[in-house]
Structure formats: C-alpha cells, structure tokens
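Below, each chain spelled out in residue letters.
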There are 2 protein chains.
Amino acid sequence: MLGGVDLGGTKIQVVIVDEQFTVLGEHRAPTPTTGRPAGVAEAIADAVREAAHAADTDPATLEGIGVGSPGEVDGGVVTGARNLPGWEGAFGLADALLDELGPPVSIGNDVNVATNAEASLGAGRPYSSMLGVFWGTGVGGGIVLDGKPWVGRGAAAEIGHVVVKVGGAKCPCGRHGCMEAYAGRGAMEHHARVLQRKGEHTDLFEIMEKRGRDRLTSGIWARALVRQDRMAVRIVDRAIEALGAGIASAVNLLDVEAVILGGGLGVRLGDPYRRRIEDAMLPHVFADERPPPLLLAELGDHGGAIGAALLAGDPQPVKG
Amino acid sequence: MLGGVDLGGTKIQVVIVDEQFTVLGEHRAPTPTTGRPAGVAEAIADAVREAAHAADTDPATLEGIGVGSPGEVDGGVVTGARNLPGWEGAFGLADALLDELGPPVSIGNDVNVATNAEASLGAGRPYSSMLGVFWGTGVGGGIVLDGKPWVGRGAAAEIGHVVVKVGGAKCPCGRHGCMEAYAGRGAMEHHARVLQRKGEHTDLFEIMEKRGRDRLTSGIWARALVRQDRMAVRIVDRAIEALGAGIASAVNLLDVEAVILGGGLGVRLGDPYRRRIEDAMLPHVFADERPPPLLLAELGDHGGAIGAALLAGDPQPVKG
C-alpha cells in the first residue's frame, strides 16, 4: 500500500491506495492557517495516520508516501510555498515526515503530480499531449507532451500566470493581469471582500459564517451561485472569461490534444461550468476548426493525492 | 547547392547556399499584392532565378529548393495563407515550382523553418529548448523542446494569437485581444491609418510615399522612430508592451532556456528594441530570478530563407 498527500492552500487530502491505485482509505483536514512549516508537517502526519486508520493499516507499514506540494520542490525540500503559513524559506518536508511516520517520502510539485494522475489514470489516458488546469486557491497547470511531463527548467506550466490583461488586476503573486488575478479562488475572495467593504451586497460571507468557515471555499461559491448571488455570479463570470482566454493562449502555443479541468472549484462547479469555460475559450482558439476538448478531471477531489501516491510508487518520480 | 525561399507577406527572400549553408547568392522581391497563388508562384520562380544568377548557377542544377510559407502546409500544398493575395483555399505550390524550376521542392511553415534555422545555425545553437518570436507583418512563433520542434497537432506556437487583453483590440485574424492585434506590423499600420484619418499627425505615410512604398515596411517604422514621430513611438510602445506580456506568458508556460527575436521588425529595430521587449517581459515572468535571455536572431533577414534551404537539405523535414 502507498500513501498519497495533496497539500493544498485550504486542505490536506490523504489517500491510502493499493497497487492498482484503488483508494482503500482517505482523510481530509484543513491546512493550518498559522504556525510554521513544522506545524504543517505535523498536520500532514496526523492526516496520514487518520487515513491509514480508515484503511485498517498502520502508516509505518506503507511502502512509500508521496506528497504533492505547492512551492518549489527540490528533492525533499520545499521552498517558497505561497498560501502556506510561514513557508517563505526552505523546509525539509520529506525528512520531517520520515521522522514522524517511517516510510520513504517522495515530494513533487502539486500540480505536476495531479496532472500525472489524470494523464496516467484519469481523463487524460487517451491522449499523448494534454494540459491540466487546476482551478482552486490559485490556478495551477501541468503539461504533458509526447506522453511525458514537460517541466522546462523546473518552472513550466504556470498557466495561472499567463497574462490575460496587460495592466490588469493585481495577482496574489504581486504581478498584474495574470489569469489567477481573476480566476484564483484566493483573488476572487479578496475581490469579494473589497466589494463588500465598498457596501455591495453579497450572501457569500453569510454562507461562510453559517458553515463555520473563515474562507470562501469552493462549496461556498457553489452555494452562492445556486442562490444567484449577484456578486458571486459577477466574480465567477470574470473568472470564466479569464480562464477561457488563458487556456486558449496555452492551446494556441501548445496545440495539445486535450485540456483537463480539475482543482477545487473545477471539480465542485462541475460540468455546467466546464461547458462555460469551453465556450469562453473558443473565441480565442486559433485552430478553431478542431479545438481540443475541455474535460473534467476524472479523479475529482482525490486526483492530487492519487498522483502523489503514483509518485511514491514510481522509481522515476515526476520532476518537481 | 540548395535554394531557400522565405515567402512573406511583404517580400520574397531567396538564398542559394552551399553544403555549409553559406549564402552564395541572394535575391529579394516584393510579394505580389494582387493576383492569384499562381502569380505568387511565378514571382517566387523569378526570384529563385535571380538568386541563382547571383550565385553563378542555374536553378535547374540545385539539389533541392525549400520554401517557408505562411498558411497551413500539408506536403506540397499550402492552404489559407493570410496576407497573400487570393490564397484562401488550397494551392499546390510545390508542383507549381517544380514545373517552373526543375529541382525537388520541400515546403514548411515559415516560422517553423525560421525557428529551425536559428536553433541549428543561429542564436539558438547553445540551447535545447527555445521559443522563436518573429515580429513582422504578423507575429509568428516557433517552439523547440528537447532539441526538437514542437508542433502539437500541426498548429502549435501561434504566439501572435496569445491573448494579452481580454476584450481588447481586433486582430487581423478576426479575434480580439491577440498579441498580434497590437504588435503585428499589419495591425500597427491599420492603427496608424485609423489615427491619421481621425486627424492625428504622423510622418509615417510621408516617409512611405517618399520611399515609393504602399505599405509601412519595417524600414519606414525605423525611420519614423529615429525622427521621434509621436504616433510611431506610441504605436511601437504599445507593441512592445504586448510583446512583453505575450512572450512572458509563453515563458511561464514553457520555461524555455532562451527566446530568439527575429522577423522584419525584430531584425530592423535591433538591439535597443530587443532590450526594451526584454524589460517589458520581466514584470510578467513568474520565475523572475532566472528569466530566459531574449536574443536577436543571428541569421537576420536571411533566417527564414536559410531555414527553408535547411528543409530542402534535410531528409526529415520540419513538420509544417
């Protein structure tokens, strides 16, 4: 059995899988919002213990544990993980988890492992070239060309930072006009808070409080959209427009066979919104007589964690 | 000896090269602005005869002739070559040239052959991954990954149609907000004509008439910039901003080792403008601690034609 951990800005998702990557147990915990990287490592270890318990096993007996992490991954060290507390510098996450849990730990870039999971086990199986778009707190990307991940010099596939509007909105990364500045859930929440402070009405934060959250999760956005909350509709419309333009730009450059849409918002909002993003792409796709299909990630919420387990079971791990 | 033809929207550039791809003779002629594809084929054949004459040889004795063509290239047939007169449909260019000249004819996509030339013989030699950006009538792109051209399903590297502004200016391709809508010489000329009709002053068209041209060539833009013509400066500033954002988007996706800047305007405006585009890229490059260098195409004006000759000499031609 293998363990797979998807370390996100909002949640830690763990799966325990067998050799066929069937999920035998899982656990989800919120990502700590305060504290140091060591605190995040402890939260991961706790979540792995819970998932192992759910799979009727002991973490120490796992053949390996894989982690998909934000930030820059070099071996077992993670640097500059935005969206994680106190994680501007380098932290030896693999060693910390090894100490806590026992089995060997492999770490990869979160979106690369999620892309690899969809390419190997999910919606990307029929294709030799694909682009993965993970619409969540940020907007991550993964590229597969000729059946292999393309990582460039280690920082490729940053589709969230494709520019969709010169001189446009400020992105959480500090730059202007990035797709993520319009479509990242973090930026969308920031935008909603600014509009609310200006006196505009929304139910978003009321739903958040009722559900005992302190952030606008994908579920909260989904509920507000069902209620046709005007601010939520407007911010999501803007996100869809940005996603359409940014994904089309990537398609015009790469001419991949398929685009896979995943991430918290992508999975939660599902097919109706997938279709809207596909419609928003089309006016910008150059080879528009045969645009690539935009497909929902098949592994859903578990894709990142299953991809991390793939990494743990793979002697040739995806480059971080 | 080999012949290489760069078929552009403005000019037909022909070179005759030896086995080391040293240029032995060359000829340049304006691309016909009226007539049918057959008329363009005749103009190409005439230009090849002139170049062969300059190299003291006969076209019939060439080992092969390569052509870099706009539009969609499939074998010897070119379809939908925008910027060429009456070329919306398919035309058997290879057969037409074979009839006129004699030697075997290979045809490839113009920007792919120019990228290949820079990768094999020019500024791209030290790199295994690169992006070529050809700033001319349109803005073309070519991608080399792991030492090989990446063409996707045949339509990759359309960097001119990366979206830099959602809801932005209309592009000659009919879409909105493409980089080429701001940076293509065709779009720049259109913009200048609109502003002039609105009563704004510019020397651009005066310079054009004095030089006996009917289009704003790269040389005319260069002269207007030297004179600090306000409209020319403004339109070129806007082009540079769009090039910076669009190239940065491609770098964020591909994380290539180098970007090569060529094309009529790229070559004519040279290093000071290369530097300005590099400065315009930087604020949008995600991995900004090591942005790829932006290098001028070393083969200059002859790159496309030399690349076409490479194609003629290569038993494994670049895919069109």
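The structure this text deals with has already been given above.
In this report, we go over the structure that sits alongside the text. Predicted, not measured: the structure shown is a model, and the values here were computed from it.

1. A closer look at the nonpolar core
Right, so step 1: Of all hydrophobic cores here, the largest spans 228 residues; its most connected members are Val259(A) and Val259(B).
Right, so step 2: When sequence neighbours within four positions are dropped, the list of residues in contact with Val259(A) reads Met130(A), Leu131(A), Val133(A), Ile247(A), Val251(A), Pro292(A) and Leu294(A).

2. Here's the deal with the pairing of strand 9 (residues 130–135) of chain A
Residues and elements named next belong to chain A.
Right, so step 1: Burial analysis of strand 9 places 6 of its 6 residues in the buried class, which makes it a mostly covered element.
Right, so step 2: Sheet topology places strand 9 next to strand 10 (residues 139–145); 6 bridges connect them, and they run antiparallel. Note on strand 10: the bridge partner recorded for Val 133 is Gly 141.
Right, so step 3: Two successive antiparallel strands, strand 9 and strand 10, enclose a turn made up of 3 residues.
Right, so step 4: Pairing analysis gives 5 bridges linking strand 9 to strand 12 (residues 258–262), with the strands arranged parallel. Along strand 12, the bridge assignment pairs Met 130 with Ala 258.

3. A look at the sheet that holds strand 10 (residues 139–145) of chain B
Residues and elements named next belong to chain B.
Right, so step 1: Across the sheet, which stays open at both edges, the 5 strands sit in the order 11-10-9-12-13 with mixed pairing between neighbours. Single-partner strands in this sheet number two, and they are strand 11 (148–149) and strand 13 (294–296).
Right, so step 2: The sheet contact formed by strand 10 and strand 11 spans 2 bridges and is antiparallel. Paired with Leu 145 across the strands is Lys 148, a residue of strand 11.

4. With respect to the relation of the copies chain A and chain B
Right, so step 1: Superposing chain A onto chain B takes a rotation of 180° plus a shift of 0.0 Å along the axis, which leaves an RMSD of 0.0 Å. Considering both components of the superposition, the chain copies are consistent with a two-fold axis. Every residue of chain A has its C-alpha some distance from the rotation axis, and the shortest such distance is that of Lys165(A), at 2.1 Å.
Right, so step 2: A symmetric contact is evident, with 100% of the interface residues of chain A recurring at the interface of chain B.

5. So, the interface of chain A and chain B
Right, so step 1: Of the residues lining the interface, 34 residues belong to chain A; the matching set on chain B comes to 35 residues.
Right, so step 2: It is helix 8 (residues 230–254) of chain A that provides the largest number of residues to the side of chain A that touches chain B, a total of 9 residues.
Right, so step 3: Considering only residue class, the side of chain A that touches chain B consists of 21 nonpolar, 6 polar and 7 charged.

6. Some words on unusual backbone geometry
All names here are of chain B.
Right, so step 1: If you check the backbone angles, Asp 56 has positive phi at about 55° while not being a glycine.
Right, so step 2: Relative to the helices and strands, Asp 56 is located in the loop between helix 1 (37–54) and strand 4 (64–69).
Right, so step 3: Positive phi, close to 50°, is recorded for Asp 146, a residue that is not glycine.
Right, so step 4: Tracing the backbone through its elements, the reader meets Asp 146 in the loop between strand 10 and strand 11.

The rules we used
- Residues numbered from 1 in each chain as written.
- Chains lettered and ligands numbered in written order.
- Predicted model: local features only at pLDDT ≥ 70, side-chain atom pairs only at ≥ 80, totals over all residues.
- Core = buried A, V, L, I, M, F, W, Y, C linked by C-beta atoms within 7 Å.
- Buried ≥ 20, exposed ≤ 12 C-beta atoms within 10 Å, placed from the backbone.
- Contact = placed C-beta atoms within 7 Å.
- Helix = DSSP H or I, 4+ residues; strand = E, 2+ residues; numbered from the N terminus.
- Pairing = 2+ DSSP bridges.
- Least-squares fit on C-alpha atoms with pLDDT ≥ 70 in both.
- Nonpolar A, V, L, I, M, F, W, Y, C, P; charged D, E, K, R; others polar.

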